[in-house]
Amino acid sequence: MSGKEWWRPEVFAGRRDNLRIRSQVLTAVRTFFAARDFAEVETPCLQVSPGQEPHLKAFATALEDAWGGPDRPLYLHTSPEFAMKKLLVAGVPRLYQLARVFRNAERSPTHHPEFTMLEWYRAGGTIDDLMGDTETLVRDCARAAGMDRLRRLGTECDPFAPWRRLSVAEAFAEYAGIDILATAPDSWSPDRAALAAEALRIGLSVSAADSWEDIFFKVMMDRIEPHLGYGVPVFLHSYPVSMAALSRPSPTDSRVAERFEAYGCGVELCNAFGELTDAAEQRRRFTADMDLKEALYGQRYPLDEDFLTALDTGMPESAGIALGFDRLVMLLAGAESIDEVLWAPVA
């Protein structure tokens with residue numbers, strides 16, 4: 001859906017109910033966190049590094065020096081994560097932010113180039129704490145909006161019922177008949193050939209250029225995501241450790257990471273980590289991610305050395321989560337597209 005001429009009264013009228021729900025959900029979010037003694041913070045959109053996820057594309061700009069020095073290359077952040085973790089190091093124990101974030105080359109019914117990310121962190125928290133936060137928050141938002149279901153494209157799920165907790169290994173076994181951890185042993189080099197053979201066995205196509213991660217996502221999109229979050233929302237947790245991103249390995253099973261995503265009506269709502277605090281390991285992962293980005297897209301983003309210094313100084317054990325605020329409003333409103341729940345979409 002294009003944002004062109006969204007301001008025409010006859011076009012804007014079609015989203016008024018959705019925007020009423022958006023306002024109610026926004027109030028519910030702030031009420032939720034105020035009741036739990038979270039500080040609402042604001043961090044700059046302009047950053048030295050936009051994020052290190054290899055498949056995300058950022059918007060680049062330059063900061064002109066007010067005293068005549070050289071311009072500084074900067075980016076619009078894809079997440080406020082680095083700055084918020086610096087605040088954890090600074091001593092803020094519970095914090096949240098409703099941040100405007102930016103991702104280039106993303107536009108679909110569930111993606112927008114500029115959107116609102118709800119991100120929060122708990123020093124001393126766990127991913128179980130974050131699952132509890134998410135269930136309660138979504139229920140509070142549903143009550144505020146006067147809704148008893150999340151809805152999308154004729155499907156629905158009940159956020160007031162107990163949310164299902166499903167490990168990635170259980171999901172691959174249940175929906176694809178694949179032992180995913182057998183292809184991803186206790187290492188950062190999963191067995192690409194083993195997963196390719198399993199994908200071919202269940203009828204998926206695999207090209208010679210596909211990496212283990214590419215094949216993982218083919219199985220996810222074709223066989224697993226179509227089952228997630230229907231009837232009740234689901235937490236998909238314990239990702240293979242090679243997909244840890246900024247999360248730490250599980251202390252009880254080194255093959256998996258302390259990471260989960262939540263789904264409602266087939267839509268991914270959030271991504272959460274038991275946070276990695278090891279600066280050297282984080283640098284290693286960032287470098288590997290940028291090597292992959294350069295190989296795939298001919299581009300790499302600078303490291304945020306200040307963030308790595310902050311980690312090395314001492315970030316407390318913590319857990320953090322990023323939730324797509326617009327996606328939550330979309331599901332509560334039963335809208336087909338994120339554009340339909342924005343006051344002013346990007347044209």
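All values derive from a computational prediction rather than experimental measurement. (Residues numbered from 1 in each chain as written. Predicted model: local features only at pLDDT ≥ 70, side-chain atom pairs only at ≥ 80, totals over all residues. Heavy atoms only, no water.)

(A) Quick peek at the sheet that holds strand 4 (residues 72-76). The 3 strands lie next to each other as 2-4-3, forming an open sheet whose pairing is antiparallel. Strands with a single pairing partner mark the edges of an open sheet, and in this sheet they are strand 2 (46-47) and strand 3 (59-63). In this structure, strand 2 lies alongside strand 4, joined through 2 bridges in antiparallel fashion. Each bridged residue has a counterpart across the sheet, and for Leu46 the counterpart in strand 4 is Leu76. (Pairing = 2+ DSSP bridges. Helix = DSSP H or I, 4+ residues; strand = E, 2+ residues; numbered from the N terminus.)

(B) Structural view of the environment of Ile215. Along the chain, Ile215 falls in helix 7 (residues 212-224). A C-alpha to C-alpha distance of 8.2 Å links Ile215 and Arg192, two positions 23 residues apart in sequence. When residues no more than four places from it in sequence are discounted, the contact partners of Ile215 are Arg192, Leu195, Ala196, Ala199, Val206 and Asp210. (Contact = heavy atoms within 4.5 Å.)

(C) Spotlight on the nonpolar core. Residues Val25, Val29, Phe33, Leu118, Trp120 and Phe260 are the most contacted members of the largest nonpolar core, which totals 43 residues. Every element with two or more residues in this core is listed here: helix 2 (16-35), strand 5 (94-102), strand 6 (114-123), helix 4 (127-145), strand 11 (259-264), strand 12 (267-274), strand 13 (318-324) and helix 10 (325-333). Ranked by residues supplied to this core, first place goes to helix 4 with 8 residues. Among all residues touching Val29, those that are not within four sequence positions of it are Tyr96, Leu98, Leu118, Leu137, Cys141 and Phe325. Counting residues in each nonpolar core, the second largest holds 28 residues, with Ala196, Ile202, Trp212 and Met243 among its members. (Core = buried A, V, L, I, M, F, W, Y, C linked by side-chain atoms within 4.5 Å. Buried < 20%, exposed > 50% of the residue type's maximum accessible area, 1.4 Å probe, protein only.)

(D) Local environment of the packing of helix 2 against helix 10. The contact between helix 2 and helix 10 brings their axes to 10 Å, and the two run at 125°. Of the possible angle classes, the one that applies to helix 2 and helix 10 is oblique. Helix 2 and helix 10 meet at a crossing whose hand is right-handed. Residues Asn18, Ile21, Arg22, Val25, Leu26 and Val29 of helix 2 form the contact with helix 10, whose participating residues are Phe325, Asp326, Leu328, Val329, Leu332 and Ala333. Of the residues belonging to the contact of helix 2 with helix 10, the class tally is 9 nonpolar, 1 polar and 2 charged. (Axes fitted to C-alpha atoms, helices over the stretch in contact; angles between N-to-C directions. Parallel < 35°, antiparallel > 145°, perpendicular 65-115°, else oblique. Left-handed = near helix turned anticlockwise from the far one by under 90°. Nonpolar A, V, L, I, M, F, W, Y, C, P; charged D, E, K, R; others polar.)

(E) How the structure looks around the layout of surface pockets. Looking at the second largest pocket, its volume works out to about 190 Å³. Around the second largest pocket, the lining comprises 14 residues; the ones closest to its centre are Ser238, Ser250, Thr252, Val256 and Glu258. (1 Å grid on protein atoms, 1.4 Å probe; cavity = no way out; pocket = protein on both sides within 12 Å on 5 of 7 lines; lining within 4 Å. Points joined across faces, edges and corners; volume = space filled by probe spheres on them.)

(F) Structural view of the state of the cysteines. Going through the model one piece at a time under the given rule, you end up with 0 disulfides. Considering cysteine sulfurs only, Cys270 is the nearest to Cys141, which forms no disulfide, with 12 Å between them. On the accessibility criterion, Cys141 (0% relative accessible area) is buried. Unpaired in this structure, Cys265 has its nearest cysteine sulfur neighbour in Cys157, at a distance of 4.0 Å. Given a relative accessible area of 4%, Cys265 falls into the buried group. (Disulfide = S-S within 2.5 Å.)

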